[in-house]
Each structure stands twice: as structure tokens, then as C-alpha cells.
Amino acid sequence: MKYKKKILKNGMRIVAVPMKDAKTVTVLVLVEAGSKYETKNKSGISHFLEHMNFKGTKRRPTPAIIHKELDSLGAESNAFTSQELTAYYAKAEHSQYHKILDVISDMYLNPIFSETEMQKEKGVILQEISMNEDLPQRDVGRLFMKLLYGDQPAGWSILGPAEVIRDMKREDFIKYRQQHYVAQATTVIVAGKCDSKKVFKDVEKIFKDISTTEKTPKKKVIEIQKTPQVIIKYKKTDQTHLILGFRAYNIFDKRLPTLKVLAAILGKGMSSRLFHKLRDEMGACYYVHAETDRYTDHGTFEMAVGVNSKRVNEVIEVILKELKRFATEPVDVSELKKTKNLMIGRMYLGLETSDSLAEFYGIQEVLKRSIKTPEQSRIEIEKVTAKDIMKVAKEIFQNKNLNLAVVGDIRNEKNLKKVLLLGK
């Protein structure tokens, strides 16, 4: 699928992804501003600011005006914040392109940070924090990052701690926005029924007055680990949720395609090794999956599963046994082919809509400053060999990289550490 890209003189980037037969268009604005750009006393401000951009602009002073206008266009709109970026988007029938571009750009460029709305939104975010803590399947992900990265931005919650959110002030948003919402950190993506030349012209005109201040950088992640690590959050639940994972590769690493294929063999699809073993054979879980999590300067390989608390040790032992197989037994040709077909098929299925394509191209551009098309990604997957997988498995699956986060009715950390050894 073809795309076109333009870098403006001020450093801002524009990506257009025309879809000939599309009926919709998506406008996505991405900025390099996430939890890894924060300080401890302002942890959570990236996500809070994302919320505030929906709460009024100079031309649309209340959230009701923004929501009503988007609804009148038949649009879907939302935003999200991660460790390394924040995104704002709207998707609508393609004839509404100019209008959704106008709304999203206005929210991005002209927020007013109403004091009244800010105080109300504090309550919303505090409830979001509580909701995530009440959902152990989500909470264990936050705990896993805390285990790996500790008291540095990569180990902090994207939502921030409640006490910091309560103390946020309007001046904090203004200062943070001045540091990060600048031309060189901003990328606008338009995907769907669109004309590339028109997109470049329209976006450049609308964003002509964006700040050209130098971007404030993020601190490099520090990784120190020599032995397996365990962290437990006791919670009285019927099911214990755990993430077993390893320190792995960043988003630029050439071994990443191999690690993705390995993850798919292990825990993607109902014929994957872990699904077949833990669910079909043992009846030990409802969900299990494996995936890679990639950032600009670090990465992880994770397996997540929810199990009966009495079977946690048993399940961990089975997972570790499966991991050791990758380092000692070449993946069968038929299993490798099946997995590649699954990955390629699901990739294309997941890119059928304008919003999914905008995100696919946009996140690559923001994080890597370069883009691989779906076709190029397909070629990377197809090139992975059983020998490549075995080599990567030997590099990654080592005790010094091993981490376990648990949320549930579990208290005995020593008991878990005894099980948590790949050499057993």
C-alpha cells in the first residue's frame, strides 16, 4: 500500500495514505509526548493533558460544543497516551474530511485548559486509575513495567499516581505543552479517501503557526538485572493474573521480526503452543497470549495468562519448559509456515480501515522516523527461519532476563522464585 510523506521546514511531518476504494477518512495527530517524557512530580501529565484537549478550545470553548460537532459529522473520535507518544484522531465519511481536520487540529493547537473543566476532569482520571486497579488483568501490566524499570519513567504508570493528579495545576499543562507540543515532535497522518497533494497543502496551512521551540528530550532507560525477579500484588480474586517476561529488543533491532514470529508460535491464535497446552490440554486458563512490546530504547517479550491461584506454579513450569524447547529444538517447517500465514493474514485484516492504517503508518513515523509498508513487513516475516528463532531464543530466554509479575490470591514470593528458573 503506497503512502506519501512530507517534512516541512519547521520539522513537522505529514503522511498521506490514500485508499482508492475507501468510504471514510481518518485524521490522526501524533506528538512525542508520553509518560517517558515526564518528571516524577508531574507523572501522568501527558495523559491528563490528552483529556484536557477535549475540554475546550478558543473557537470551541466547551467540551459539549466539540462533542456535538463531531457527532453531527457522524464521526468517531478519541485519543490515547502511551509511554512515548500521544494521539488524537477523528474518523468520518470522506466528505467530512475538512471538518474533522479542522476540529482535531483546533483541539491540538488551541486548548484553553479551563480551570473548571480541569477540576472536573481530575475526578474522571481518578476514577480511571481506580478502574484499572480493580481490573487485575490490566493492573498486572503496570506491575510488570514497575518490576523491570523501577523508579524511572518507563516504570511509572501512564495514568500517574492519584496524589500527583490531585495536585496538577493549569500552569503545569501550559509548561508541559510548550516543551513538547512543537513542530519537530508533531506528525499528522491522513488515511482513507484523500488526495495527497491536497492533504499536504491543507495541513501545512492549518499548522503554519505551530511552535518551533526545541523539543525537550526524554531520559534514556536504564536496565540492570542479574537474576530472575518477582513482584506480587496480593488481591483476593478467584483468578490470578500473571505476566512472565524477558528483557528483549528495541524497535530498531534487526532481530525483532524473528522475535515476533517466536511470540506468535508461542501465544497467538488458538493453535499456538501455549493455548493448546494450557487451555486445551490442561484446562488451566481461559486466556493466554504472548507478544513483544517495543520502544525506542528498550523492549520486552511477555506471556500473559489468568489461572486458578492453586495452579500458578504448575503453569509457570509448563511455560518455562516450552521456552526451553525453542533453544534446543528447531521449529517444525509446517508450524513455522502456519504461524507466518496467521501473522500475515491478521496483519492485513487489521489494516482494512482508515483509522488502523493511519495508526500503522503514523506510529512508525513518530518512533522510527521511517516507515515499512505492510508488504515490507510481510517480507520480513517470510524471511524468518527456524535457525533464526533458535538463535534469538538462546539470547533472550535466560535467567538474567526473566521477570514475573503477579496480581491475585498469592503471597509466597519465595515459593515462586524457586519455580522461576529456566535451568531447572
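Coordinates for the structure precede this section.
Residues numbered from 1 in each chain as written. Predicted model: local features only at pLDDT ≥ 70, side-chain atom pairs only at ≥ 80, totals over all residues. Heavy atoms only, no water.

(A) A look at helix α10 (residues 273-281). Of the residues making up α10, those classed as buried are Arg273, Leu274, Phe275 and Leu278. For α10, the secondary structure elements touched by its buried residues are α9 (256-267), β9 (285-294), β10 (299-308), α11 (312-328) and α12 (333-349). In the segment just after α10, glycine 283 is the residue with positive phi, at about 60 degrees. (Buried < 20%, exposed > 50% of the residue type's maximum accessible area, 1.4 Å probe, protein only. Helix = DSSP H or I, 4+ residues; strand = E, 2+ residues; numbered from the N terminus. Contact = heavy atoms within 4.5 Å.)

(B) Layout of the layout of surface pockets. The space that makes up the second largest pocket amounts to roughly 360 Å³. When the residues that make up the lining of the second largest pocket are grouped by side-chain class, the tally is six nonpolar, six polar and nine charged. (1 Å grid on protein atoms, 1.4 Å probe; cavity = no way out; pocket = protein on both sides within 12 Å on 5 of 7 lines; lining within 4 Å. Points joined across faces, edges and corners; volume = space filled by probe spheres on them. Nonpolar A, V, L, I, M, F, W, Y, C, P; charged D, E, K, R; others polar.)

(C) Spotlight on the packing of aromatic side chains. This model, assessed by the stated rule, comprises eleven aromatic pairs. For the ring pair tyrosine 3 and tyrosine 361, a centre distance of 5.3 Å and an interplane angle of 50 degrees mean the geometry is tilted. With tyrosine 3 in the segment before β1 (4-7) and tyrosine 361 in helix α13 (residues 354-368), this residue pair connects regions lying 358 residues apart in the sequence. Given a relative accessible area of 26%, tyrosine 3 falls into the partly exposed group. When the ring of phenylalanine 48 is compared with that of phenylalanine 173, the centres are 4.8 Å apart and the planes differ by 75 degrees; the resulting orientation is edge-to-face. Here phenylalanine 48 is found in helix α1 (residues 45-52), whereas its partner phenylalanine 173 is found in helix α7 (residues 170-180), with 125 residues between them in sequence. With respect to burial, phenylalanine 48 and phenylalanine 173 carry one shared label: buried. (Phe/Tyr/Trp six-rings, centres within 6.5 Å; stacked < 30°, edge-to-face > 60°.)

(D) Broad picture of the sheet that holds strand β3 (residues 24-31). If you trace the six strands from one edge of the open sheet to the other, you get β1-β2-β6-β3-β5-β4, paired in mixed fashion. Since the sheet does not close on itself, it has two edges, and those belong to β1 and β4 (76-81), each with one partner. Strand-to-strand, the axes of this sheet are offset by a mean angle of 10 degrees, without reference to chain direction. The pairing of β3 with strand β6 (residues 186-192) spans seven bridges and is classified as antiparallel. The residue of β6 that forms the bridge with valine 27 is valine 190. Across the sheet, α1 lies against β4 and β5 (86-93), angled at about 165 degrees from β4, the strand it touches most. Contacts from helix α8 (residues 196-206) reach β1, β2 (13-18) and β6 within the one sheet, and its direction differs from that of β2 by about 150 degrees. (Pairing = 2+ DSSP bridges. Axes fitted to C-alpha atoms, helices over the stretch in contact; angles between N-to-C directions.)

(E) Representation of the nonpolar core. Formed by 54 residues in total, the largest nonpolar core has its most connected members in Met12, Tyr108, Phe173 and Phe207. Among the elements that take part in this core, helix α3 (residues 97-109) stands out by supplying eight residues, more than any other. Apart from the residues within four sequence positions on either side, phenylalanine 173 is in contact with Ile45, Phe48, Leu49, Met52, Phe113, Met118 and Met168. Ranked by size, the runner-up nonpolar core spans 53 residues in total, among them Val230, Ala248, Ile319 and Ile389. (Core = buried A, V, L, I, M, F, W, Y, C linked by side-chain atoms within 4.5 Å.)

(F) Structural context of the environment of proline 111. Relative to the helices and strands, proline 111 resides in the loop between α3 and α4 (115-134). Of the residues examined, proline 111 reaches a relative accessible area of 12% and is grouped as buried. Separated by 62 residues in the primary sequence, proline 111 and phenylalanine 173 have C-alpha atoms spaced 10 Å apart. With near-sequence residues (within four places) excluded, proline 111 lies in contact with Asn53, Gly56, Thr57, Asp106 and Arg177.

In short, geometric facts, not functional conclusions.
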